[in-house]
Amino acid sequence: MHEMSYVIRFVNRAIETAEERKAERVKRILVSVGEMTDVLPEYLHRYYPSAVKGTILEGSVLETKKEPVCVLCASCGKEYHPEKDNGYACPRCHGTEGKITAGRGVVLEQVELES
Ligand SMILES: [Zn+2]
């Protein structure tokens, strides 16, 4: 299950963030899961408790949200959500050369510290 490697990665990032802010406990973290990944949030939730055991994150809540794919059109600069119906082309100029700017990874969005 490759989800575990994602969990370890964002847990480590969250620990770093918490340590940088000199926190003693973390209450909640928010992770966005890109639409283009094959990561299932339920697995992230399943592995989370064992991944944070014994760390500053132990007992914290993991929240996940879906992040839609976003493409930046190389021809006209429009950012859009690719739709299958038009062959994932840009809705403004119909260009198909674009760069994916969001929705491709598992990203740590927020670390909420206990105050
Ligand atoms: Zn365009």
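What you see is a predicted model; the values in this text were computed from it and never measured. (Residues numbered from 1 in each chain as written. Predicted model: local features only at pLDDT ≥ 70, side-chain atom pairs only at ≥ 80, totals over all residues.)

Caption draft 1: Main features of the overall build of the protein chain. Within the protein chain, the secondary structure is distributed over two helices and six strands. When the helices and strands of the protein chain are read in sequence order from the N terminus, they spell out α-β-α-β-β-β-β-β. For the protein chain, whose C-alpha radius of gyration is 17 Å, the value lies well above the compact-globule estimate of 13 Å for 115 residues. Over its C-alpha atoms, taken along the principal directions, the protein chain stretches across nearly 50 × 30 × 15 Å. (Helix = DSSP H or I, 4+ residues; strand = E, 2+ residues; numbered from the N terminus. Rg over C-alpha atoms; globule rule 2.2 N^0.38 Å.)

Caption draft 2: Quick peek at the environment of Gln110. Mapped onto the fold, Gln110 is located in strand 6 (residues 106-113). Taking the number of C-beta atoms within 10 Å as the measure of exposure, Gln110 has 12 and is therefore exposed. Spatially, the C-alpha atoms of Gln110 and Lys78 are 27 Å apart, while their sequence positions differ by 32 residues. Contact partners of Gln110, with chain neighbours within four places excluded, come to Ile29 and Leu30. (Buried ≥ 20, exposed ≤ 12 C-beta atoms within 10 Å, placed from the backbone. Contact = placed C-beta atoms within 7 Å.)

Caption draft 3: Local environment of unusual backbone geometry. For Lys22, which is not a glycine, the phi torsion comes out positive at approximately 55°. Position of Lys22 among the secondary structure elements: in the loop between helix 1 (3-20) and strand 1 (26-34). Phi is positive for His94, close to 60°, though the residue is something other than glycine. Locating His94 in the fold gives a position in the loop between strand 4 (79-80) and strand 5 (98-102). On the neighbour-count criterion, His94 (12 C-beta atoms within 10 Å) is exposed.

Caption draft 4: Quick peek at helix 2 (residues 41-52). Here helix 2 contains 12 residues, and its C-alpha end-to-end distance of 16 Å stays within 8% of the 16 Å for a straight helix at 1.5 Å per residue. Among all positions in helix 2, only Leu44, Tyr48 and Val52 are buried. Looking straight down helix 2, one finds its buried side chains confined to an arc of 50°; they lie on one side. Turned more than 90 degrees from where helix 2 packs its buried face, Glu42 and Ser50 sit exposed. Taken together, the buried residues of helix 2 touch helix 1, strand 1 and strand 2 (61-67). Directly beyond the C-terminal end of helix 2, a positive phi value near 80° is found at Gly54. (Expected span 1.5 Å × (residues − 1). Arc of directions from axis to C-beta.)

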